[in-house]
Each structure stands twice: as structure tokens, then as C-alpha cells.
Amino acid sequence: MSRLGRVTLQCTAVVALATGLAACGSKSSSPPPASSGSGSSTTASSGSSAASGSTTIDIKNYKFMPDQLTVKVGSTITVHNMDSTVHTLTATNKAFDTGDIPANGTKTITVSKPGTYPYVCTIHQFMMGTLTVSG
Ligand SMILES: [Cu+2]
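Quick caveat, the model's predicted, so the values are computed rather than measured.

Draft legend 1. The arrangement of the overall build of the protein in detail. Broken down by element type, the protein carries 0 helices and 8 strands. For the protein, the N- to C-terminal ordering of α and β elements is β-β-β-β-β-β-β-β. Per-residue burial over the protein gives 24% buried out of 135 residues. Relative to all contacts within the protein whose residues are 6 or more apart in sequence, the contacts with residues 24 or more apart total 47%. By element, 54% of the accessible surface of the protein is carried by carbon and sulfur atoms, the whole surface being about 9800 Å².

Here it is in C-alpha cells:
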């Protein structure tokens with residue numbers, strides 16, 4: 001009876017690198033550079049490229065963002081209400097309607113026919129936008 005008691009002990013040395021030592025209050029509060037806004041986004045000639053697939057329209061501060069959007073027919077648009085009040089995104093010709101979107105909620109709509117669709121929030125009708133569906 002021979003016993004081969006071969007015990008291999010592999011000690012994995014855990015090297016504790018104390019990296020995060022920067023906990024002393026050195027808040028690098030570099031002032032933000034004064035944004036010299038040279039008007040950048042000027043969509044001149046060829047219209048904005050139609051987004052296909054899925055797109056998102058955010059609602060924030062009683063505004064649709066973007067409020068002008070071109071999508072391809074059949075696209076799904078997710079409408080994300082970032083406000084703390086209920087909104088809708090409703091085509092004025094009722095081609096699409098999210099219904100009530102609760103605060104911080106999302107709804108999706110699908111556009112199935114080409115055209116230009118002005119839309120509003122039926123609760124706050126000063127909220128307007130236009131969705132263009134390209135064929
Ligand atoms: Cu609204």
C-alpha cells in the first residue's frame with residue numbers, strides 16, 4: 001500500500017494593487033470652456049438622411065426632440081417621455097398615436113405610409129413636430 005500523497009498547492013498570489021488612492025479631495029473642477037458656438041448643424045441642400053429601423057423621439061421640457069424627423073416607411077419609432085407629466089405623440093390626421101405616455105414611459109409607433117405627418121401632444125397642443133416618412 002503506497003500512497004502517493006502528492007499535493008500540489010498552487011498559491012495564486014493576489015497582488016493587491018492599491019490603485020485608487022486618489023480619494024483625497026482633489027476635485028478637478030476645471031471650468032468649462034466658454035462654448036463659442038459657431039452654428040454647426042446647418043442642414044442645407046440634401047435633406048437629412050432618412051433613418052431606417054428604429055429611431056427615438058424624446059419628449060423633454062414639453063418639446064419633442066427632435067421635432068423634425070425623417071424615417072423610412074415601416075420604421076418603428078420609440079417615443080420616450082422624459083418629463084414628469086403625461087404626453088402623447090399624435091398625428092394630426094391620426095395616422096399614428098401613442099396614446100398617453102406616462103412620465104418616464106415609452107411607447108412605440110410604426111409608420112406604414114409615406115408622407116409628411118404633423119403631430120402634436122393632444123394634452124399640450126402647443127407641442128408640435130413633424131414626422132416625414134419616406135418611401
Ligand atoms: Cu404633452
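Draft legend 2. Quick look at the pairing of strand β7 (residues 115-120). Direction of pairing for strand β5 (residues 90-91) relative to β7: antiparallel, over a ladder of 2 bridges. Residue T90 lies in a different strand from β7, and its bridge partner there is V120. Note that β7 and strand β8 (residues 128-134) share 6 bridges and pair antiparallel. The residue of β8 that forms the bridge with V120 is M128.

How each quantity is defined
Residue indices follow the written sequence of each chain, beginning from 1 at its first position. Per-residue local features are limited, in this predicted model, to residues with pLDDT of at least 70; the limit for side-chain atom pairs, both in listing and counting, is 80 or more; totals at the level of whole chains, interfaces and linings are taken over all residues. Calculation of side-chain values draws on the structure's entire complement of heavy atoms; hydrogens and water are dropped beforehand. Numbering of helices and strands starts at the N terminus; helices are DSSP runs of H or I of at least 4 residues and strands are runs of E of at least 2. Throughout, exposure labels follow a simple rule: accessible area from a 1.4 Å probe, protein chains only, divided by the maximum for the residue type, with under 20% read as buried, over 50% as exposed, and the rest as partly exposed. Between two residues, a contact is recorded if the distance between any of their heavy atoms is within 4.5 Å. Accessibility throughout is a Shrake-Rupley quantity obtained with a 1.4 Å probe, and a residue counts as covered only by protein chains that appear here. Should DSSP find at least two bridges between two strands, the strands are taken to pair.

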